[in-house]
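Each chain, letter by letter, is given below.
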Amino acid sequence: MKIGLEGIAFNIPEHFINIEELACARGIDPAKYTQGLGQKEMSVSTPCEDSVVLAAGAGRKLLEKFNIDPASISHLIVGTETGIDHSTSVSSYVHLMLGLSKFCRVFEIKQACYGAMAGLAMGINYLLSRKAKGSKVLVIATDIARYGIGAAGEPTQGAGAVAMLISDQPSLIEFETQYDGYYAHHVMDFWRPIYSKEAFVDGRYSIQCYLEALEGAYHFYKKNALQSGLVHSVDNFNKQFAACLYHVPYVKMAQKAHIKLLEIDAGRTFGKNSTYLEHAQNDFNQRTLPFLELNSRIGNVYTGSLFISLLNFLEDVKPEAYGKHISLFSYGSGCGAEFVSAKVLEGAAHRMKRDSFRKALDSRKRVKANRYEEMMDACARMDDNGGNVCQPEKWDLQRSELYLGVKGHKRIYSIDGKIIQ
Ligand code: CAA
């Protein structure tokens, strides 16, 4: 049975800050953010754009763009580490906003940035079962990455959501369902205590944990590929992939990951200034970097970052890649990781046409550093009970889904002007 992506769409805040401007505001050499981290711009959410609003917007775009009947969706799974309540889930609000059937399995997964990949794996297994009977699974990754003003992680903030519909009628990519590779190991590289809006991170250690998890997941993937009987050799296994996509907290992390992948297959580390390293960097420029434009202009979307890169790939994919495989690596701090592969389906680029991601990026409004700081400050107070009614005009917002604040200890949203709580 073929299981894969039938549709994908994304949604981002309406504002952004130029990364060089942020560096100047912090008294830092802009080259550190542009060359050292590989970033260009950073999405900034206003108080009216929380993880529910971003997710609902992405889901609505997907249903419309791919002409999907909401009644065909039997599962809604939201991966997020930007929870809005200790008990009720982001998915519960999104279920209502998308008008999905009451006969739908609805839940949220938290496993740092790995949550949405865990949702996809769960969805694939359900669709492979005899219970699915042609129904579809909607997985939405939604997050607002926040480290705080002046923190080392500040230039790696960002926000957005990616909605993905998986079914037995894939039109974009078909997942390899016979083998995959996952990995978990408890580490304190990045976390957000229950009392904090901002994440804590052991920055350099988190890079090491990411690369160790890539090694673990990729080894397990190759072992499982051999055991499946479909593959007879895993020597230089990465060579089969037309594109190698990674979790992208910032662009340069994906470069470190790709070099690591090639080192694992080569069985050696590539020395500084070696021709091996030069070849690996060139290979990154061919198979990964072309699909990181969106990431470099949004920033980190935690659970959504890998899938932002996938969307970029699918919009720009050339017919030469049809029928070939791509790899996808998800890393969630703490940590959980997974390495999977998928086949690119004929005509994928054509199905992605209509509203290009570049148009969505270019229609955003640029803010200066002081306005960004004002937005950050207002977001921090937005969940206090009573009184903080969001004024969309104050934040220059046009979107149809809005978070309005908390009243009577309940979150209030509006969708197309209709109040929901
Ligand atoms: N010109 C050019 N490059 C410069 C430069 C300059 N003037 N100054 C510094 N650089 C380079 C450095 O050499 C370094 O490159 P390498 O990593 O290749 O050595 C890079 O810019 C960053 O410099 P520093 O390491 O000095 O920067 P930092 O200590 O301020 O923090 C960071 C960098 C650790 C990534 C920090 O931004 C951070 O903590 N980010 C959040 C955590 C994160 O994203 N971790 C990634 C793995 S964990 C994960 O993936 C899960 C997740 O989503 C959070």
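Note that the structure is predicted; figures quoted are calculated from it, not measured.

What follows deals with the site of the ligand. Taken together, 24 residues are adjacent to the ligand, and Lys32, Arg204, Ser206, His247 and Lys256 come closest. Here a nitrogen atom of the ligand sits 2.9 Å away from a polar atom, N or O, in the side chain of Asp29. For the ligand, a nitrogen atom lies 3.5 Å from a polar atom in the side chain of Thr156. Coverage of the ligand by the protein chains reaches 74% of its 1000 Å² of free accessible surface. Listing elements by their share of the shell around the ligand, those giving two or more residues are helix 2 (30–36) and helix 6 (203–228). Per-class residue counts for the shell around the ligand are 12 nonpolar, eight polar and four charged.

With that out of the way, let us pick up the packing of helix 6 against helix 7 (residues 251–266). As a packed pair, helix 6 and helix 7 sit with axes 10 Å apart at the nearest point and diverge in direction by 40 degrees. Here helix 7 runs oblique to helix 6, going by the angle between their axes. Taken as a pair, helix 6 and helix 7 cross one another with a handedness that is right-handed. Across the interface between the two elements, Arg204, Ile207, Tyr210, Leu211, Leu214, Glu215, Tyr218, His219 and Lys222 of helix 6 pack against Met253, Lys256, Ala257, Lys260, Leu261, Ile264 and Asp265 of helix 7. Class assignment for the residues of the contact of helix 6 with helix 7 results in nine nonpolar, one polar and six charged.

Here the focus is the pairing of strand 16 (residues 401–407). The side chains of a regular strand alternate, residue by residue, between the two faces of the sheet. Burial runs high along strand 16: six of the seven residues are buried. Here strand 16 pairs with strand 17 (residues 410–415) via six bridges, running antiparallel. Residue pairing for strand 17: Tyr403 is matched across the bridge by Tyr413.

Okay, the side chain of Arg297 next. Position of Arg297 relative to the elements: it lies in helix 9 (residues 293–298). Using a relative accessible area of 14% as the deciding quantity, one classes Arg297 as buried. At a separation of 3.0 Å, a polar atom in the side chain of Arg297 contacts the side chain of Glu41. Filtering out sequence-adjacent residues up to four positions away, Arg297 remains in contact with Lys40, Glu41, Met42, Ser43, Leu361, Asp362 and Arg364.

Moving on: the nonpolar core. One finds Ile8, Leu310, Leu314 and Phe329 to be the most contacted residues of the largest nonpolar core, which totals 140 residues. Residues in contact with Phe329, not counting those within four places in the same chain, are Tyr210, Ala213, Leu214, Ala217, Leu245, Tyr246, His247, Leu306, Ala337, Glu338 and Phe339. Counting six residues, the second-largest nonpolar core is a separate cluster that includes Cys113, Ala145, Tyr147 and Ala199.

Taking 1.5 Å of rise per residue, the 13 residues of helix 13 (residues 369–381) would be expected to cover 18 Å, and the 19 Å separating its terminal C-alpha atoms lies within 8% of that figure. Among the residues making up helix 13, those that are buried are Ala369, Tyr372, Met375, Met376, Ala378 and Cys379. Next to the buried residues of helix 13 lie strand 2 (15–18), helix 1 (19–25) and strand 3 (41–44).

What follows is about the pattern of salt bridges. Enumeration over the complete set of coordinates arrives at 23 salt bridges. Overlapping salt bridges, with partners in common, bring together Glu41, Glu293, Arg297, Asp316, Arg358, Asp362 and Arg364 in one network.

What follows concerns the pairing of strand 5 (residues 105–109). Relative to strand 5, strand 4 (residues 73–79) is paired through five bridges, and the arrangement is parallel. Its bridge partner lying in strand 5, Val78 is registered against Glu108. Chirality of the crossover, the property in question, places the unit of strand 4, helix 4 (residues 90–98) and strand 5 among those that are right-handed.

Two orientations exist for strands paired in a sheet by backbone hydrogen bonds: parallel and antiparallel. Pairing in this open sheet of three strands is antiparallel, and the strands run 16-17-18 from one edge to the other. At either end of the open sheet lies a strand with only one pairing partner, and these are strand 16 and strand 18 (418–420). Strand-to-strand, the axes of this sheet are offset by a mean angle of 25 degrees, without reference to chain direction. Along the sheet face, helix 3 (residues 51–65) touches strand 16 and strand 17 and points at about 150 degrees away from the line of strand 16. Those strands touched by helix 4 are strand 17 and strand 18, and its axis lies near 30 degrees from that of strand 17.

Criteria and thresholds
- Residues numbered from 1 in each chain as written.
- Predicted model: local features only at pLDDT ≥ 70, side-chain atom pairs only at ≥ 80, totals over all residues.
- Heavy atoms only, no water.
- Near = heavy atom within 4 Å.
- Polar contact = N/O pair within 3.5 Å; in protein donor to acceptor, adjacent residues only side chain to side chain.
- Areas by Shrake-Rupley, 256 points an atom, 1.4 Å probe, with all protein chains shown as cover.
- Helix = DSSP H or I, 4+ residues; strand = E, 2+ residues; numbered from the N terminus.
- Nonpolar A, V, L, I, M, F, W, Y, C, P; charged D, E, K, R; others polar.
- Axes fitted to C-alpha atoms, helices over the stretch in contact; angles between N-to-C directions.
- Parallel < 35°, antiparallel > 145°, perpendicular 65-115°, else oblique.
- Left-handed = near helix turned anticlockwise from the far one by under 90°.
- Contact = heavy atoms within 4.5 Å.
- Buried < 20%, exposed > 50% of the residue type's maximum accessible area, 1.4 Å probe, protein only.
- Pairing = 2+ DSSP bridges.
- Core = buried A, V, L, I, M, F, W, Y, C linked by side-chain atoms within 4.5 Å.
- Expected span 1.5 Å × (residues − 1).
- Salt bridge = Lys/Arg side-chain N within 4 Å of Asp/Glu carboxyl O.
- Right-handed = clockwise from strand over helix to strand, strands pointing away.

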